[in-house]
Amino acid sequence: MDLKITNTLMREKQVFTPIDPSNVRLYVCGPTVYDHAHVGNARPAVVFDVLVRVLRHLYGKDHVTHVANITDIDDKIMIRAKERGVDIETLTGETADIYNADMAAIGVNRPDVQPRATGHVSQMIAMTERLIERGHAYAAEGHVLFNVPSMSDYGQLSRRDRDEMIAGARVDVAPYKRDPADFVLWKPSADDQPGWDSPWGRGRPGWHIECSAMAAEHLGEVFDIHGGGLDLIFPHHENEIAQTRCAFGHARMANYWMHNGFLTAEGEKMSKSLGNFYTVHELLEEWPGEAIRLLLLSAHYRQPLDFSKAGLREAKTQLDRLYRALENSADIPTEQPGLMLKNQNDAAVDIDHPREQYILEALCDDLNTPLAISRLHKLATSLNSDDRANPAIKRTFLQGAELLGILSTTPSEWFQGEVSGISPIEIERLIAARSNARKAKDFAEADRIRDDLKARGIELEDGPSGTTWKRAG
RNA sequence: GGCCCCGUGGCAGAGUGGUUAUGCAGAGGACUGCAAAUCCUUGUACAUCGGUUCGAUUCCGGUCGGGGCCUCCA
């Protein structure tokens, strides 16, 4: 099945054709680690995680290389480290660990390579030297700058030309720049700032060069897909392209550029000054990671998405429904052992040899996750209806959930996990007591037990095969 | 000023030149001692004004409204 993706470079949806099907390569711009990731940072992580799942499905588990960097040298990091009185390595190390834990909690698989900028300074210096040699960069007052006019077709990705950029510039032009549009590849560090020795003195890299250097190091001079947030199109990605193409002399840096839209929080632009941003870390204290993930996937990745508590509540309700379908179809076998889902011993799915493509088809159309989710719901309806449930439907359902990265736990863990204040044994004892009362037609006592448990956060459900319980809420 | 996006039923949110999106919420029904869960039925939406068309929510243009980017930013 063809995968179609919207290529920002062409401004159109295109069929994806990898350079090398045995090694599909993509690079996603990762976080700058100076503070907890907010949900806005989580969106690209989740979106591109789904893309990687689809790519692995199409090309094979071992035929995809996913690189997502961590930016661990940056002025914001320097400032924050100083405020907290810790060294930079401590700050970035801690923050990166929390980031990875938070992403894992919302079902994001670790990239194959997670390069850190500080580990690639020599490559950045080498690339900068190469750009100087080729006449695309120059040193001035301890800085090295990329000379934008030296690249005739600069601006293809963002579709803006040099003159427009200068007209729209909001900052004063540094006096050492040959051209107002030139941007920094290397800048000098003061003695109390972190720095590395270089041919231009002790200094540190500019922002854009790190991604060019790390992508080249781990994926080569030209690769398949480069992703990130919409706001990175200009200047970050434009400048990455300029650096990489001018350093290596290719017509492309990456063949496909994908950009996710922005999030708002409770209908407003997330901003530090309004204090209305949610960090993944704090949300996880109150909500299941899968609810956060499902909400992030509930709108198409290129569309704006409002992240709200009401939205989380609905995502949670939707997951309840999907887990219920899983529970209700527990006795349906699915054959095809292969990828073992944590879910249930009989529900393994061979993700490399799928038969049903109902969900995959939606995801292959430029990652149409809302459509994929709606199809998952249709399958859930079937699984909940005895007359329509069958192994093929269940396989498709599980495979789709796997591609979306949800339903990664068991229904019992989902519904009953982490109950506090009462033990499962005590609950079972009360259920038995209530069952006896019901047999004796003492419904007043039965209802009393049920209400009592409900007050303690446990809801009972009488099914055809007996009474089950779940955590309320 | 330049570049770009959006406006779908109570809410969220896909999609399509003529056929049910889906979920949540609401209403009715089935099941249940009563609930819960589940299933079935139900609401007949596409900002506005023109144009193209046999036919437009879907294509084109204008208008109104909202949003993003233009070297901090996912």
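Throughout this description, residue numbers start from 1 for each chain and increase along the sequence as written. To label them, take the chains in the order written and letter them from A, then take the ligands in the order written and number them from 1. This being a predicted model, a pLDDT of at least 70 is required before a residue's local features are given, and a value of 80 or more before pairs of side-chain atoms are given or counted; all residues contribute to the totals for chains, interfaces and linings. Note that the side-chain values use all heavy atoms of the structure and ignore hydrogens as well as water.

### Quick word on the sheet that holds strand 12 (residues 268-269)
We call two strands paired when DSSP finds no fewer than two bridges between them. In this description a helix means any DSSP run of H or I spanning at least four residues, a strand means any run of E spanning at least two, and both kinds are numbered starting from the N terminus. Strand order in this open sheet of 3 strands is 12-11-13, and the pairing throughout is mixed. Two strands bound the open sheet, and with one partner strand each, they are strand 12 and strand 13 (305-307). With 3 bridges joining them, strand 11 (residues 263-265) and strand 13 adopt parallel strand pairing. When the bridges of strand 13 are listed, Thr264 appears paired with Asp306.

### As for the sheet that holds strand 4 (residues 64-68)
One open sheet holds the 4 strands; their spatial order is 4-3-9-10, and the pairing between them is parallel. Sheet topology places strand 4 and strand 10 (254-260) at the edges, where each strand pairs with a single neighbour. Averaged over all pairs of adjacent strands, the angle between their axes in this sheet comes to 20°, without regard to strand direction. Pairing of strand 3 (residues 24-28) with strand 9 (residues 223-229), which is carried by 3 bridges, proceeds in the parallel orientation. Of the residues in strand 9, the one forming a bridge with Tyr27 is His226. Of the strands in this sheet, strand 3, strand 4 and strand 9 touch helix 6 (residues 207-219), which is tilted by about 160° from strand 3. Here an angle of 0 to 180 degrees is reported between the N-to-C directions of two axes, which are lines fitted to C-alpha atoms, with helices fitted over the stretch in contact. Throughout, a contact is declared for two residues whenever any of their heavy atoms are within 4.5 Å.

### Some points on the packing of aromatic side chains
For any pair of aromatic rings, the description rests on two quantities: the centre-to-centre distance and the angle between the ring planes. For Phe, Tyr and Trp, rings pair up if their centres lie within 6.5 Å, where Trp contributes its six-membered ring, and each pair is then called stacked (planes under 30 degrees apart), edge-to-face (over 60) or tilted (otherwise). The final tally for this structure, using the stated rule, is 7 aromatic pairs. Here the aromatic rings of Tyr27 and Phe223 are separated by 6.5 Å at their centres, their planes lie at 50°, and the arrangement is tilted. You can see Tyr27 sitting in strand 3 and its partner Phe223 sitting in strand 9, a full 196 residues away along the chain. The same class applies to Tyr27 and to Phe223, which are both buried. Cluster of aromatic residues (ring-pair linked, three or more members): Phe16, Tyr59 and Tyr256. Lying across the ring of Tyr138, Arg178 places its NZ or CZ 4.0 Å from the centre. When the NZ atom of lysine or the CZ atom of arginine is within 6 Å of a ring's centre and also within 35 degrees of its normal, the charge is said to sit over that ring. The side chain of Arg324 reaches across the aromatic face of Phe415, ending 4.5 Å from its centre. Residue burial is assigned from relative accessible area. The probe radius is 1.4 Å, only protein chains are included, and a residue is buried under 20% of its type maximum, exposed over 50%, and partly exposed in between.

### As for unusual backbone geometry
Glycine aside, residues mostly have negative phi, and peptide bonds are mostly found in the trans state. Here the amide bond leading from Phe234 into Pro235 is cis, since omega sits at 0°, within 30 degrees of zero. Its location among the elements puts Pro235 in helix 7 (residues 233-248). Even without being glycine, Arg11 reaches a positive phi, approximately 60°. Relative to the helices and strands, Arg11 resides in the loop between strand 1 (4-7) and strand 2 (12-15).

### Some remarks on the nonpolar core
Take the buried residues of types Ala, Val, Leu, Ile, Met, Phe, Trp, Tyr and Cys, join any two whose side-chain atoms come within 4.5 Å, and each joined set is a nonpolar core. If you look at the biggest cluster of nonpolar residues, it comprises 74 residues, and the most contacted ones within it are Phe307 and Phe397. Tallying contributions element by element places helix 1 (residues 39-59) first for this core, with 11 residues. Ala137, Met151, Tyr154 and Ala247 belong to the second-largest nonpolar core, a separate cluster that totals 47 residues.

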